[in-house]
Amino acid sequence: MGQKKDLTGSEKSKIVRYLAEGCSSLKIAKLLKRDHRTIKRFIQNSQQGRKKRVEKPRRKITAHELRKVKRAAAKMPLATSLAIFQSCNITGVPKSTRCAILRDMAKVRKAERRPALNKTHKLKRQDWAKKYLKTDFSKVLWTDEMRVSLDGPDGWARGWIGKGQRAPVRLRRQQGGGGVLVWAGIIKDELVGPFRVEDGVKLNSQSYCQFLEDTFFKQWYRKKSASFKKNMIFMQDNAPSHASKYSTAWLARKGIKEEKLMTWPPCSPDLNPIENLWSIIKCEIYKEGKQYTSLNSVWEAVVAAARNVDGEQIKTLTESMDDRLLSVLAKKGGYIGR
């Protein structure tokens, strides 16, 4: 009887069953019409099994070494566990042990993102804070744009997975699958918008002013009383489409000029309370690593999340301005981190 190809899964199962019934290897070979040597080799390999892993004794960490690791972790932010232990001349410690030790004294964090502030920026931030220190911020309309993508931030797609469960599949697309540009404003305890910038439109001075005319002015501003319009202060950042001569002149023709148009210091998103609103909305629409299949679906999610933001949350943001100004002055124009 000649040798054939490797045993199939079905044949292996039959061999195990025949062995349980007390059949010899020779009898099994005859039943399966396979070479006796093939059956015997399979039985021998199965009986050998996998070699047990020899557990190496773990290196013990002394109290003195723990103190060295703690100091190194404080001096080396964002370093890997290996780099921290190597800086302390502690070797032979497996990764699982290193991470377990570090969890008791540190946390895994991402680097904090903030604008680069030079000396001129800081001086202008201080001057801005002094100028508006006595302003009634309940009359200021804080505005800004936000871009939302179909995929959202990559780092938000992480979470706990139960043992034995597979992580859900996450689509990979260039540029986050595309996105939608959203404009909104907040004043006192009221949300203005959000309004969607038409897909494919690049906001320059002309398109920005036309967008405000079609959305903000027609749908919200015109409905307000004359006394409200007289006291309202319009805030926008220094994006080129906002701060250009064309946009400034256009807003002036709408009655938003001089003291009614707030000057804004450079590189200061931390001073704009609507940035916190964007964070609230993004946390809602991208929770549990959610992705979207179309621009309309992500826009609908933004609208739904914005509706769930109540007036008290908005009021908390707008009322935080006094503290923000005091923090800027206390830090001499430095970043306040909100």
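Further up the page is the structure itself.
Since we're looking at a predicted model, the values are computed, not measured. (Residues numbered from 1 in each chain as written. Predicted model: local features only at pLDDT ≥ 70, side-chain atom pairs only at ≥ 80, totals over all residues. Heavy atoms only, no water.)

Caption draft 1: Main features of helix 12 (residues 274–285). End to end, helix 12 covers 17 Å across twelve residues, agreeing with the expected 16 Å (1.5 Å per residue, within 8%). Looking at helix 12, one finds that the buried residues are Ile274, Asn276, Leu277, Trp278, Ile281 and Ile285. (Helix = DSSP H or I, 4+ residues; strand = E, 2+ residues; numbered from the N terminus. Expected span 1.5 Å × (residues − 1). Buried < 20%, exposed > 50% of the residue type's maximum accessible area, 1.4 Å probe, protein only.)

Caption draft 2: Molecular detail of the layout of surface pockets. Its boundaries defined by the atoms lining it, the second largest pocket holds a volume of some 570 Å³. Lining the second largest pocket we find 17 residues, and of these Ala79, Ala106, Lys107, Val108 and Arg109 sit closest to its centre. Listing elements by their share of the lining of the second largest pocket, those giving two or more residues are helix 4 (63–75), helix 5 (81–87) and helix 6 (95–103). Tallying contributions element by element places helix 6 first for the lining of the second largest pocket, with four residues. Among the residues making up the lining of the second largest pocket, the classes are represented as eleven nonpolar, two polar and four charged. (1 Å grid on protein atoms, 1.4 Å probe; cavity = no way out; pocket = protein on both sides within 12 Å on 5 of 7 lines; lining within 4 Å. Points joined across faces, edges and corners; volume = space filled by probe spheres on them. Nonpolar A, V, L, I, M, F, W, Y, C, P; charged D, E, K, R; others polar.)

Caption draft 3: Spotlight on the environment of Asp6. Assignment of secondary structure puts Asp6 in the segment before helix 1 (9–20). Note: C-alpha distance between Asp6 and Thr38 (32 residues apart in sequence) is 8.1 Å. For Asp6, the residues in contact, after removing those within four places along its chain, are Glu11 and Arg34. (Contact = heavy atoms within 4.5 Å.)

Caption draft 4: Region of the structure containing the pattern of salt bridges. Taken as a whole and assessed by the stated rule, the structure comprises ten salt bridges. The closest approach of N and O atoms between Arg125 and Asp270, which form a salt bridge, is 2.8 Å. With Arg125 in helix 7 (residues 119–131) and Asp270 in the loop between helix 11 (245–253) and helix 12, this pair connects stretches of sequence that are 145 residues apart. Accessibility assignment for this pair places Arg125 and Asp270 in one class, buried. One connected set of salt bridges, linked through shared partners, spans Glu213, Arg222 and Lys254. (Salt bridge = Lys/Arg side-chain N within 4 Å of Asp/Glu carboxyl O.)

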